[in-house]
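# Descriptive structure summary
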Amino acid sequence: MTDAPLLKVNAVSKFYGQRIGCKEVSFDLWPGEVLAIVGESGSGKTTLLNCISTRLLPTTGSVEYTMRDGSVRDLYHMSEAERRFLMRTDWGFVHQNPADGLRMTVSAGANVGERLMAVGNRHYGNIRATASDWLTRVEISKDRIDDAPRAFSGGMRQRLQIARNLVTGPRLVFMDEPTGGLDVSVQARLLDLVRGLVNDLGLSAIIVTHDLAVARLLSHRMMVMKDGHVIEHGLTDRVLDDPREPYTQLLVSSILQV
Amino acid sequence: MATSLVVSEVFKSFTMHLRDGIKLPVVKDVNFSVASGECIVLGGPSGIGKSSILKMLYGNYAVDAGQILVSHHGRIVDIATADPRTVLDVRRHTLGYVSQFLRTVPRVSALDVVAEPLVARGVVAEEARQSASALLSQLNLPKELWGLPPATFSGGEQQRVNIARGFITDHSILLLDEPTASLDARNRRVVVEMIAEKKQKGVALLGIFHDEEVREAVAGRILDVMQFSPRKAAA
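Residues numbered from 1 in each chain as written. Chains lettered and ligands numbered in written order. Predicted model: local features only at pLDDT ≥ 70, side-chain atom pairs only at ≥ 80, totals over all residues.

### A look at the overall build of chain A
As a reminder of what qualifies: Per the convention used, a helix needs a DSSP run of H or I reaching at least four residues, while a strand needs a run of E reaching at least two, with both numbered from the N terminus. Residue burial here comes from a neighbour count, namely the number of other C-beta atoms, placed from the backbone, that lie within 10 Å of the residue's own C-beta, with 20 or more meaning buried, 12 or fewer meaning exposed, and in between meaning partly exposed. Any two residues are considered in contact once their C-beta atoms, placed from the backbone, lie within 7 Å.
Within chain A one finds 10 helices and 10 strands. In terms of overall dimensions, chain A has a C-alpha envelope of 55 × 50 × 40 Å along the principal axes. Buried residues in chain A amount to 43% of all 258 residues. The long-range share in chain A, meaning contacts at least 24 apart out of those at least 6 apart in sequence, stands at 64%.

Next up, the structure:
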């Protein structure tokens, strides 16, 4: 156990005019911890994720992040350039739609290599070798390295997006419905892959999902959101096995048994 | 003998919000302790709250009131109020749990499922697999199965994988929820031996065993859960 949280979220709220996006959300995320944010569409999960990852500025609140050198920085008081650098190197963001996170017109190898160049790699041979190694890790055959993601299936695109995000050895990865829109067999493979990578690399992750099975498999801790508020929060198996709030009970009881 | 686990004045009920908020009492005023090297068996009919007690101790169920004190890394942790991160650390190092059913993860081999708790503690993968192999052979799981994901295994085979996974570490407290339910006589005896070994090493064990032969063989003391049942008072 390290004794400093990686991320400290303090009373983050986001209003869209009069409407609440998310309200007064606070939590700590520790190194190596995977947090799932669950709730139905429109509950504010993605708004919260976007606020924490600084893709969206909240109306009020602050987020502190422990940098690699141990210093603690307030994310909303960083310069745009610093934030962008953080996003390109120390963080990953896996979008629900791979087309939002990939460059669809350049090759798979270049998609992975671009993030490496952002952290200063210049040797073409090394970049290509690392890219090729990462394609293998996400189970994409090496001979597809020169193909553009357009020529890939949905599941392959999602795996490529994950490789692109993890190649720089980030410490924190944000995922927005990473398995949404994939069919179940592809989902299982992706989940298993993500689970393995998170364990091996000791990543911290915040995963937004409406799928409780995904949360069960990947996360240590879970936050349940409704109408912009966090209504329940705890160990993932505690929240799922002994839900306390009416809405959480509804969510859990709505899972279809196969 | 050191006391590893103390349960004090624990109350638990479920509130069913989807059923007009009816309250189902589960247990009340649960008090007991388990010492190092001791195996206590929870007794009583089905539905009396035995599994619920184990789940509360493991942090799977929240408790309404009371304390669940575990000696963890030389200090006392109250599972009932500890934050998720502490509970996870207690599970990783101190408190083990063998559930009735194995929750299988797609594509992970039986050997790796068993080795995982050691790997999670930082043991090198190769070394962890060796310990896993030793346990799986002790439990007579055919070697051809070791490399396969347990999803397709029979009930008894899955249960043996589950037992191996629970017994691989040197956790100082082990919770066992009917670990022998779907095993044949030969493998039940192996489990009885494994429990005896754990006792010898000073592990505190708390279990549910419906099989009388096993219960006789392992129980130092039987704790009747009926005394904690709120239904008794109502009746």
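### A few points about the overall build of chain B
Regarding its fold elements, chain B presents 8 helices and 9 strands. Going through the 235 residues of chain B one by one, you find that 41% of them count as buried. Taking all contacts inside chain B whose residues are at least 6 apart in sequence as the whole, residues at least 24 apart take part in 70%.

### Some details on the pairing of strand S8 (residues 204-208) of chain B
Residues and elements named next belong to chain B. Note the threshold: Think of it this way: DSSP has to see at least two bridges between two strands before they count as a pair. A clockwise course of the path from the first strand over the helix to the second, judged with the strands pointing away from the viewer, identifies a crossover as right-handed.
Most of S8 is tucked away, with 5 of its 5 residues classed as buried. Going residue by residue along S8, you find Ala 204, Leu 206 and Ile 208 tucked away on one face and Leu 205 and Gly 207 tucked away on the opposite face as well. Bridge count for strand S3 (residues 39-43) against S8 is 3 bridges, and the pairing is parallel. Residue pairing across strands places Val 41 opposite Gly 207, the latter belonging to S8. Relative to S8, strand S7 (residues 173-177) is paired through 5 bridges, and the arrangement is parallel. Counted as the bridge partner of Leu 175 is Leu 206 from S8. Handedness of the crossover is the feature at issue here: the chain leaves S7, passes through helix H6 (residues 185-200), returns alongside S8, and the resulting connection is right-handed.

### Here we look at the UniProt feature "domain: ABC transporter" (unreviewed entry) in chain A
Cut-off, in case you're wondering: UniProt positions are given in the numbering used here, feature names are shortened, and annotations may be inferred rather than shown by experiment.
UniProt tags residues 7-252 of chain A as "domain: ABC transporter" (unreviewed entry). The distance from the first to the last C-alpha atom of residues 7-252 of chain A is 28 Å, and the span holds 40% helix and 26% strand.

### Some remarks on the interface of chain A and chain B
Applicable threshold: Note on residue categories: nonpolar means Ala, Val, Leu, Ile, Met, Phe, Trp, Tyr, Cys or Pro, charged means Asp, Glu, Lys or Arg, and polar means any other residue, Gly included.
On the chain B side, the residues contacting the 19 residues of chain A number 15 residues. Contributions of two or more residues to the side of chain A that touches chain B are made by helix H7 (184-201), strand S10 (229-235), helix H9 (236-241) and helix H10 (246-253) of chain A. Here the side of chain A that touches chain B takes 4 residues from H10 of chain A, the largest share from any one element. Residues that form the side of chain A that touches chain B fall into these classes: 7 nonpolar, 4 polar and 8 charged.

### What to know about the sheet that holds S10 of chain A
All names here are of chain A. Applied cut-off: Think of each axis as a best-fit line through the C-alpha atoms, taken over the contacting stretch in the case of a helix, with angles from 0 to 180 degrees between the N-to-C directions.
Taken in spatial order, the 6 strands of this open sheet run S6-S7-S8-S3-S9-S10, and their pairing is mixed. Edge positions in the sheet fall to strand S6 (91-94) and S10, since each has one partner strand and no second. Strand-to-strand twist in this sheet, taken as the mean axis angle between neighbours without regard to direction, amounts to 15°. Relative to strand S7 (residues 172-176), S6 runs parallel, the two being bridged by 4 bridges.

### Some details on the sheet that holds S3 of chain B
Residue and element names in this part refer to chain B. Across the sheet, which stays open at both edges, the 5 strands sit in the order S6-S7-S8-S3-S9 with parallel pairing between neighbours. In this open sheet, the two strands that pair with only one neighbour each are strand S6 (95-98) and strand S9 (221-224). The sheet shows a mean angle of 20° between the axes of neighbouring strands, taken without regard to direction.

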